[in-house]
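# Tertiary structure, described
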Amino acid sequence: MLNQLLGTFKKNIRSYILIIALVVIWMGFGIAQPAYLSADHIQNIFTQMAIIAIMACGMVFVIVTGGIDLSCGYGAGFISVVAAALLYYQKIENPLAAMGMSGMTLEVVTAIVVVIISVGVSILIGVFQGSVIAILAVPPFITTLGGMFIWKSGVLLVTQGKSLFISKNDTYKFIAQGLLPPFVGYVIAVIVTVIMFLMLFQSRARKQKYGIQLKSLAWEISRTAIFAVLLWGYVLIVNRVFEASPEPSVQGVPFLVVLLAVIALVMNYVSTNTRYGRYAYAIGGNREAARLSGINIKKSIFSIYVTMGALMGISGVALAAYVGSGTTGAGGGYELDVIASCILGGTSTLGGEGTVFGAIVGALIMQSLSNGLQMMNVNSNLQYMIKGLVLILAVWADISMKKKKA
Amino acid sequence: MEQDVLLEVKNVTKEFPGVTALSDVSIKIKRGEIHGLCGENGAGKSTLMKILCGVYPHGSYSGDIIYNGKVLRLGAGSIHQAIEEGIAIVYQELTLIPLMTVGENIFLGKEPRTGVGIDWNKLYSDTDELLKRYKLPVSPHEVVKNLGVGQMQMTEIAKALSEKADVLILDEPTSALSEAEVDKLMEILATLKSLGVTCIYISHKLEEFFRITDTVSVLRDGKVVTTLPTKDTSLEKLVQLMVGREMKERFPKGNRKPGEVFFTVEGLRALDPNDPSREIVKGASFELRKGEILGIAGLMGSGRTELVTTIFGEYGILTGGKITLDGQEIKIGSAREAMSHGISLVPEDRKRQGLVLIQTILQNISLPNLDRFSGFMRINGSAEIAEAEKFSKSLSIKAPSVHVAAESLSGGNQQKVVISKWLMSEPRILILDDPTRGIDVGAKFEIYKLINQLAEAGYSIIMISSELEEVLGMADRVMVMWEGRSNGTLDIAQATQEKVMARATGIEIA
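Report on the accompanying structure.

Cut-off values and rules
Residues numbered from 1 in each chain as written. Chains lettered and ligands numbered in written order. Predicted model: local features only at pLDDT ≥ 70, side-chain atom pairs only at ≥ 80, totals over all residues. Contact = placed C-beta atoms within 7 Å. Helix = DSSP H or I, 4+ residues; strand = E, 2+ residues; numbered from the N terminus. Nonpolar A, V, L, I, M, F, W, Y, C, P; charged D, E, K, R; others polar. Pairing = 2+ DSSP bridges. Axes fitted to C-alpha atoms, helices over the stretch in contact; angles between N-to-C directions. Buried ≥ 20, exposed ≤ 12 C-beta atoms within 10 Å, placed from the backbone.

### Quick word on the interface of chain A and chain B
At the interface, 22 residues of chain A touch 26 residues of chain B. When residues of the side of chain A that touches chain B are traced back to their parent elements, those giving at least two are α9 (182-209), α12 (275-285) and α13 (287-292) of chain A. Here the element with the most residues in the side of chain A that touches chain B is α12(A); it accounts for 5 residues. Split into classes, the residues belonging to the side of chain A that touches chain B amount to 6 nonpolar, 9 polar and 7 charged.

### A few points about the sheet that holds strand β6 (residues 87-90) of chain B
Residues and elements named next belong to chain B. An order of β6-β9-β10-β3-β11-β12 is seen for the 6 strands of this open sheet, with the pairing classed as mixed. At either end of the open sheet lies a strand with only one pairing partner, and these are β6 and β12 (223-229). Here the strands of the sheet are splayed against their neighbours by 20° on average, with no regard to which way each runs. Taken together, the 4 bridges between strand β3 (residues 34-38) and strand β11 (residues 215-220) define a ladder with parallel strand orientation. Following the sheet pairing, C38 is matched in β11 by V218. Sheet strands touched by helix α5 (residues 149-161): β6 and β9 (167-171). Its angle to β6, the strand with the most contacts, is close to 165°. Across the face of the sheet, helix α8 (residues 235-243) comes into contact with β3, β11 and β12 while running at roughly 30° to β11.

### A closer look at the sheet that holds strand β14 (residues 275-289) of chain B
All names here are of chain B. Read across the sheet, 4 strands follow the order β14-β13-β16-β17 without closing on themselves; strand pairing throughout is antiparallel. Among the strands making up the open sheet, the edge pair consists of β14 and β17 (328-330). Averaged over all pairs of adjacent strands, the angle between their axes in this sheet comes to 15°, without regard to strand direction. In terms of strand pairing, strand β13 (residues 261-272) meets β14 through 9 bridges, oriented antiparallel. Directly across from L268, in β14, lies its bridge partner A284.

### Topic: the pairing of strand β15 (residues 293-297) of chain B
All names here are of chain B. Counting buried residues along β15, 5 of its 5 residues qualify, which places the element largely inside the surrounding structure. Residues I293, G295 and A297 line one face of β15 and the alternating positions L294 and I296 line the opposite face, and both faces are buried. Across 4 bridges, β15 lies against strand β20 (residues 460-464) in parallel orientation. Within β20, the position partnered with L294 by the bridge is I462.

### A look at the pairing of β13(B)
Residues and elements named next belong to chain B. Once β13 ends, the chain turns through 2 residues before running back antiparallel as β14. Two elements, β13 and strand β16 (residues 317-325), share 7 bridges in a ladder whose sense is antiparallel. By the bridge assignment, L271 is partnered in β16 with I317.

In structure tokens, the structure reads:
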């Protein structure tokens, strides 16, 4: 049985090599700087990566179809300042208050309306860019390079050169700064674990019904079990179970991490189990064959950029909540981190290949490096250089591994 | 008087896995002559030319090429070496860089230099001299994309001649030229001949041989049938020599009874979507019966592929004619619409158009058919796998599982994947565009059997083939295309290779 497990593992070595790299990075920094593996840091690192990782979930599809989105950094920045401006100038709060709302209700409803408007604007951005790319056939690189300048201007216009502080709405800030009460974390962990195992057995039953050969049960169970252990490990750590007298204010799973997890799971599912996802891979793999297979390429490409817009909006909303204000430099350069995460996670810039899961791990690796270097007091000016070299190294390793296989 | 031999091909045999492309070919090319080379598609003309210009290096074939009295030994990847030896080729596809000038193209890779920079004055004066010497009416400073096809061709010729070529190979130079341009080319060839350049002239347009060549060699099935002075032969004789071979039992005979006509195409006309000034289908008509195999024959460039991809809704801009299905006129504007009418197309180039090579057999087969496995959102992955495995089994695709990448399969199995993909969509009409291209003999037979089975099962098949023998061996009726139009449909009983060839070359017009 162990042999079988090893065999399956070898076959999927490329998907696990990233995780191995991640473990090595964590161990390395952990030994050099024990604080790296502290509950505080583990809680933070996932929150910090979330803004990039959410966009990476959409960027994978964009790159898989052979495109690119350079505008998502300033796009998210623009959305963040729009949200901040709505709150700062009380554009939503005042009319609602006039309708007679007050107190906690007012705060919650305001936050919800701000989120809806912000994400709505970002979807419009996606519709705009998607139309230009799909219908007017302007190359994605050019369209989104233009978008990058446009939304940068947008940021400056909205902020008018000053930071717009979100001082009055803690509900809004909860999106990025809030921790779920420990029991909620446990409930989620229980539900997810049960669902994971249910899905495993349901899928096996369905395959059996269609007479498809099943993979080894031991392998599938151990794989699911490993995920469950990681999940529970994380929840227990951030709920501070292993600390003698934890402070209640730091206990709990960050809301933003749950949001990221949901988005990642949905997008991962979409990538393999829906036409939307499958068409994206086919278009990136061979556009001509996809066209002759009756795929509406314009529609596919359009909807991918709209999705990218929506995810950019969610990131933008989270960014404003995380910083607690809308700033003049919001989102600048994020697009590069997003693209790097995807590529590090195995997305091919030639199109047709890439996974959401890989992109998330890629984002986590980038964040782990940043944080580690920071904690080791490496000159912060050097950090980009190191990240850049790691990216080049990773892609080179991937290319040479593929060559060996061929 | 016996002219001396400049280039001799001596007992050359070239094999590819599963196919013998050239077998014991010997041809003598005399100094200063224009030597025509004719043969059906796949007769081995291109392979021979590739040997002459070093694409297939010395050692990858048996036999010798004797050039100027010495054995020619071209190393691997040594196309440049052939040019240095004085053998230059002008390819069928033009290989010029559109945004550069004529002069820049001619001297690409061998620009005259002044120290580190390019000596532009010398480049253009040399170009000018070259063009004048061979009487080529092209301006050295013109940007190539502004030239007509004929002038591009002249630029190609000038480029080939820029290095003192003794032998100039022209591979179907007239396939894209207008009548006037062909006349001009003939003049240029005559000039070249008077200047002592030896030419090897390959063409599908047989009448051209009689205008320009001194000698003609006929290739068939990788063998030289004959070499004879052009004045001693005739058009009809050449056609006969090209196709005249006994039919072997290479095609499985089906047992089918074609039914009623249910699909017709009448007077279809269409423009090239990339160049709407060019008409690519100039009036094509045919009928299709239930459960029959309709062959479409025609030489390369006769508009066969353009016709079927236009019918499939994915190529030409329709300007006239109509398509009817079950008595109702239909309009097809995209592949999806064609599919909804029950029309499927297995395209000509399976790697470029048929498959997503990096994806698995499963993903390829189900690509056009995902709707049938999908609810509102979710694809029923298990149903998909089960269905794909069913097809993989019934077409006996040789692969460890449906989860291996299409790129790892052999040509024949790749083609079966493409056919599976379209069978799964449950078509009534299956269009196969050259389904056995680049497939070895054994796999071809399997594909033939499969096609017969499909016709017997009631599918109506339209089959294009570059091999005349294949069309005659498989089809119930043969529609012949010539210069973008249908030149009559022949019943298989009365269709002979000579008759089809006569229609395909426009000697006989329906």
